[in-house]
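Each chain, letter by letter, is given below.
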Amino acid sequence: MGRIVLKHIEKRFGKERGYAVKDFNLEIHDGEFLVMVGPSGCGKSTTLRMIAGLEDISSGELYIGDRLVNHLPPKDRDIAMVFQNYALYPNMSVFENIAFGLRLRKTPKHEIEQSVKRTSRTLEIEPYLDRKPKQLSGGQRQRVALGRAIVRNPQVFLMDEPLSNLDAKLRVQMRTEIISLHKQLGVTMVYVTHDQVEAMTMGHRIVVMKDGLIQQVDTPQRIYNHPANMFVAGFIGSPPINFIEGKLLEAPEGLLEFHTKRHYFRLPAHQSNVLKLKNKVNRTVIMGIRSENIDIAPTGLDTDTEQAPSHMTGVYKLCELMGADRYVYADIGAPKLLVIRSQADRLFSDNEKLRLTLNVQKAIFFDADTTQNLSD
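From a predicted model like this one, the values you see are computed outputs, not experimental measurements.

### A word on the overall build of the protein chain
1) Next: For the protein chain, the count of helices and strands is ten helices and 20 strands.
2) Next: Across its three principal directions, the C-alpha atoms of the protein chain cover 80 × 45 × 35 Å.
3) Next: Taken over 376 residues, the protein chain has a buried fraction of 50%.
4) Next: Counting contacts in the protein chain only where the partners sit at least 6 residues apart, residues at least 24 apart contribute 65% of the total.
5) Next: Total accessible area on the protein chain is roughly 18,200 Å²; 48% of this is exposed by carbon and sulfur atoms.
6) Next: On the protein chain, the mean spot of the 50 positive side-chain charges and the mean spot of the 44 negative ones are 5 Å from each other.

Printed below as a string of structure tokens:
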């Protein structure tokens with residue numbers, strides 16, 4: 001059983017440095033691909049190292065399968081870890097690197113031969129078994145590191161930023177290979193990354209961390225569409241979500257309006273009802289709106305209307321061409337520029353006035369004080 005349960009897990013590095021991980025509670029299901037993501041220093045790698053037994057647990061209980069493993073050494077936890085720097089032995093061949101763990105277990109020689117060849121065939125590194133690591137590319141070294149983990153047939157794979165040393169094209173290729181490998185092996189994988197694109201494309205569930213605390217645990221789609229707070233909303237998604245501060249005021253027919261200094265937006269009934277129930281009428285809130293939920297009106301349409309139920313005006317400042325898309329940045333009189341996802345063939349002039357249409361149905365509202373999601 002590759003089920004992992006963490007109950008009130010904490011890690012403290014002395015009184016001065018404080019907690020690296022605080023009250024971490026999570027159940028990782030057997031066969032699940034779970035991704036832990038967050039900025040540098042958020043505690044994700046420390047959590048992974050506690051699961052592996054490479055870091056002592058300050059308090060709490062850690063179970064792998066049905067066993068309490070707090071004090072078990074790494075070799076007795078039936079896990080395999082893949083590191084950021086591959087951790088290959090430079091003086092050993094690819095074959096010897098992959099076989100190393102099996103030899104420590106005193107596995108019979110013929111079984112080692114069969115296991116290494118089967119694993120190297122799966123990872124397409126069979127032609128390189130006689131080479132040393134320095135003779136391999138970064139992607140090939142990463143496959144060898146994966147092979148060394150796979151050949152042991154562990155209950156759990158732990159991966160700590162395994163693709164961060166690869167170039168962009170190879171990272172995409174290795175992402176798909178690791179996903180395919182997980183489907184083929186069906187074992188539990190816990191994957192740590194600071195890259196939210198990796199998290200969104202690879203994980204069955206994502207754990208978003210900040211300052212040693214879990215911010216949200218959910219599927220990639222729900223984290224994107226229903227972030228628990230402003231940190232999650234801002235960290236997940238590319239380009240980042242737009243945040244606009246405003247005030248909620250009463251409108252006709254029992255609806256609410258979101259007012260900024262220059263614009264206002266009429267909210268649909270379901271959003272109005274939710275925000276009323278949370279006593280946010282006449283309160284300052286933060287609206288989050290993703291770039292794909294904002295449209296730019298075609299050139300030539302009237303751009304003089306400052307106020308309409310779902311429109312605003314902005315001034316074009318710059319853009320980023322991203323292949324099929326163009327990220328357009330507009331000044332709407334707020335502290336930060338608004339980013340809009342547009343078609344690549346749309347061109348704009350410096351300081352051109354833009355008429356923007358917001359899909360307010362897709363907007364997410366956050367408490368200005370607590371930063372928590374008010375829309376769910």
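That shown, we press on.
### Remarks on the sheet that holds strand E18 (residues 338–343)
1) Next: Strand order in the open sheet made by the five strands is E15-E19-E16-E17-E18, with antiparallel pairing throughout. The sheet terminates laterally at strand E15 (294–296) and E18, the two strands that pair on one side only. When the angles between neighbouring strand axes are averaged without regard to direction, this sheet yields 50 degrees.
2) Next: As judged from the three bridges shared by E15 and strand E19 (residues 353–358), these two strands associate in the antiparallel manner. Bridge assignment links isoleucine 296 to a residue of E19, and that residue is leucine 356.

### Topic: the packing of helix H3 (residues 94–104) against helix H4 (residues 109–122)
1) Next: Close contact between H3 and H4 brings their axes to 10 Å; oriented N to C, the two are set at 130 degrees. The angle between H3 and H4 places the two elements in the oblique class. In the crossing of H3 with H4, the sense of the turn from one axis to the other is right-handed. Listed contacts from H4 to Phe95, Ile98, Ala99, Leu102 and Arg103 of H3 are Ile112, Glu113, Ser115 and Val116.
2) Next: Among the residues making up the contact of H3 with H4, the classes are represented as six nonpolar, one polar and two charged.

### Digging into the pairing of strand E14 (residues 284–289)
1) Next: Burial analysis of E14 places five of its six residues in the buried class, which makes it a mostly covered element.
2) Next: Two elements, strand E11 (residues 242–250) and E14, share six bridges in a ladder whose sense is antiparallel. If you follow glycine 246 over to E14, its bridge partner there is valine 285.
3) Next: Two elements, E14 and strand E20 (residues 364–367), share four bridges in a ladder whose sense is antiparallel. What sits directly across from methionine 287, in E20, is phenylalanine 365.

### Focus on the sheet that holds E11
1) Next: Spatial ordering of the open sheet is given by E13-E12-E11-E14-E20, a layout of five strands whose pairing is antiparallel. Two strands in the sheet have a free side with no partner beyond their single neighbour: strand E13 (264–266) and E20. Sheet twist, expressed as the average angle between the axes of neighbouring strands with direction ignored, equals 40 degrees.
2) Next: In this structure, strand E12 (residues 256–259) lies alongside E13, joined through three bridges in antiparallel fashion. Following the sheet pairing, histidine 259 is matched in E13 by tyrosine 264.
3) Next: Contacts from helix H10 (residues 269–277) reach E11, E12 and E20 within the one sheet, and its direction differs from that of E12 by about 85 degrees.

### Describing helix H6 (residues 168–185)
1) Next: Here H6 contains 18 residues, and its C-alpha end-to-end distance of 26 Å stays within 8% of the 26 Å for a straight helix at 1.5 Å per residue.
2) Next: Residues of H6 that are buried include every one of Leu170, Met174, Arg175, Ile178, Leu181 and His182, and no others. The arc enclosing the buried residues of H6, seen along the axis, measures out at 145 degrees, which places them on a common side. Those residues of H6 that are exposed and aimed more than 90 degrees away from the buried face are Lys169, Lys183 and Gln184.
3) Next: In this structure, the buried residues of H6 make contact with strand E3 (33–37), H4, helix H5 (138–150), strand E7 (156–160), strand E8 (188–193) and helix H7 (196–202).
4) Next: N-capping of H6 is provided by aspartate 167, with a side-chain oxygen placed 3.2 Å from the backbone N of lysine 169.
5) Next: Two residues or fewer after H6 comes glycine 186, characterised by a positive phi angle close to 70 degrees.

Cut-offs used in this document
- Residues numbered from 1 in each chain as written.
- Predicted model: local features only at pLDDT ≥ 70, side-chain atom pairs only at ≥ 80, totals over all residues.
- Heavy atoms only, no water.
- Helix = DSSP H or I, 4+ residues; strand = E, 2+ residues; numbered from the N terminus.
- Buried < 20%, exposed > 50% of the residue type's maximum accessible area, 1.4 Å probe, protein only.
- Contact = heavy atoms within 4.5 Å.
- Areas by Shrake-Rupley, 256 points an atom, 1.4 Å probe, with all protein chains shown as cover.
- Lys, Arg positive; Asp, Glu negative; His and termini not counted.
- Charge placed at Lys NZ, Arg CZ, Asp CG, Glu CD.
- Pairing = 2+ DSSP bridges.
- Axes fitted to C-alpha atoms, helices over the stretch in contact; angles between N-to-C directions.
- Parallel < 35°, antiparallel > 145°, perpendicular 65-115°, else oblique.
- Left-handed = near helix turned anticlockwise from the far one by under 90°.
- Nonpolar A, V, L, I, M, F, W, Y, C, P; charged D, E, K, R; others polar.
- Expected span 1.5 Å × (residues − 1).
- Arc of directions from axis to C-beta.
- Polar contact = N/O pair within 3.5 Å; in protein donor to acceptor, adjacent residues only side chain to side chain.

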